[in-house]
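Chain by chain, the residues run as shown.
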Amino acid sequence: RKGKGTKRRLAVWNEALPTMDSKARSHVELTFRLRNLRSKDAFSKSDPCVIAYEKQRNGGWTEVGRTEVIQNAHNPDFSKRMRMAYYFERTQELKFEVWDWDTNVKQRSTAGQDYIGAVSTTLANLVVDSGMPRKILKRYVLVL
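Please read all numbers here as calculations on a predicted model, not as lab measurements.

Q: Lay out the pairing of strand β5 (residues 61–66) with the relevant residues and their values.
A: Taken together, the 5 bridges between strand β4 (residues 48–55) and β5 define a ladder with antiparallel strand orientation. Bridge pairing links alanine 52 to glycine 65 in β5. Count of turn residues in the β4/β5 antiparallel hairpin: 5 residues, of which glycine 59 carries a positive phi of about 95°.

Right under this line is the structure:
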């Protein structure tokens, strides 16, 4: 059953199994808004992009999605959404990095891009904490 997004722009699709097991899950859809980004470019505003990572059991991070690049924006509202499986019995650590994308937007590597900031949290915090979605990144606010 498809649910409607909340004020936090978080939509949840409930696909839980009737018994609690390690595969019980829902799907969560995240949208992103960034506010008051500093310019990383000398003569224009930043061209921000958000890259989402999930921590793996081996301690490494795997990219799970990224937004589009929005040109010349200090307060971008990204239209691309990220849909993730939310496992009830597992801690899912997430990291969201913000980059100023100055070169070819089809390029996948962050090499040559300007790092703006990052925030880490768990998917459970995004789902259950009504005080979310704001996390302060020095002078930046990443709104999930």
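Continuing now.
Q: Before we move on, can you summarise the packing of aromatic side chains with the specific residues and values?
A: On inspection of all chains with the given rule, the structure shows 2 aromatic pairs. Plain terms: the ring middles of tryptophan 99 and tyrosine 115 are 5.2 Å apart, the flat faces sit at 75° to each other, and that makes the pair edge-to-face. Of this pair, tryptophan 99 sits in strand β7 (residues 93–100) while tyrosine 115 sits in strand β8 (residues 114–122), and the two are 16 residues apart along the sequence. What makes tryptophan 99 buried here is its relative accessible area of 10%. A residue is classified by how much of its surface remains accessible, and tyrosine 115, at 41% relative accessible area, is partly exposed.

Q: Lay out the nonpolar core in plain terms, naming residues and giving numbers.
A: The biggest cluster of nonpolar side chains holds 21 residues, and the ones touching the most others in it are Leu30, Phe32, Val50 and Phe96. Contributing elements (two or more residues each) for this core: β2 (25–30), β4, β6 (82–87), β7, β8 and α1 (123–128). Within the second largest apolar cluster, 6 residues are counted, among which are Ile51, Val69, Trp99 and Trp101.

Q: Explain the sheet that holds β4 to me, and be specific about the residues and the numbers.
A: With respect to topology, 4 strands assemble into an open sheet ordered β5-β4-β7-β8, the strand pairing being antiparallel. The open sheet has two edge strands with one neighbour each: β5 and β8. Between one strand and the next, the sheet's axes are offset by a mean angle of 25°, whatever the strand orientation. Where β7 and β8 come together, 8 bridges link them in antiparallel fashion. Among the inter-strand pairings, phenylalanine 96 is bridged to a residue of β8, identified as valine 119.

Conventions we followed
Residues numbered from 1 in each chain as written. Predicted model: local features only at pLDDT ≥ 70, side-chain atom pairs only at ≥ 80, totals over all residues. Heavy atoms only, no water. Pairing = 2+ DSSP bridges. Helix = DSSP H or I, 4+ residues; strand = E, 2+ residues; numbered from the N terminus. Phe/Tyr/Trp six-rings, centres within 6.5 Å; stacked < 30°, edge-to-face > 60°. Buried < 20%, exposed > 50% of the residue type's maximum accessible area, 1.4 Å probe, protein only. Core = buried A, V, L, I, M, F, W, Y, C linked by side-chain atoms within 4.5 Å. Axes fitted to C-alpha atoms, helices over the stretch in contact; angles between N-to-C directions.

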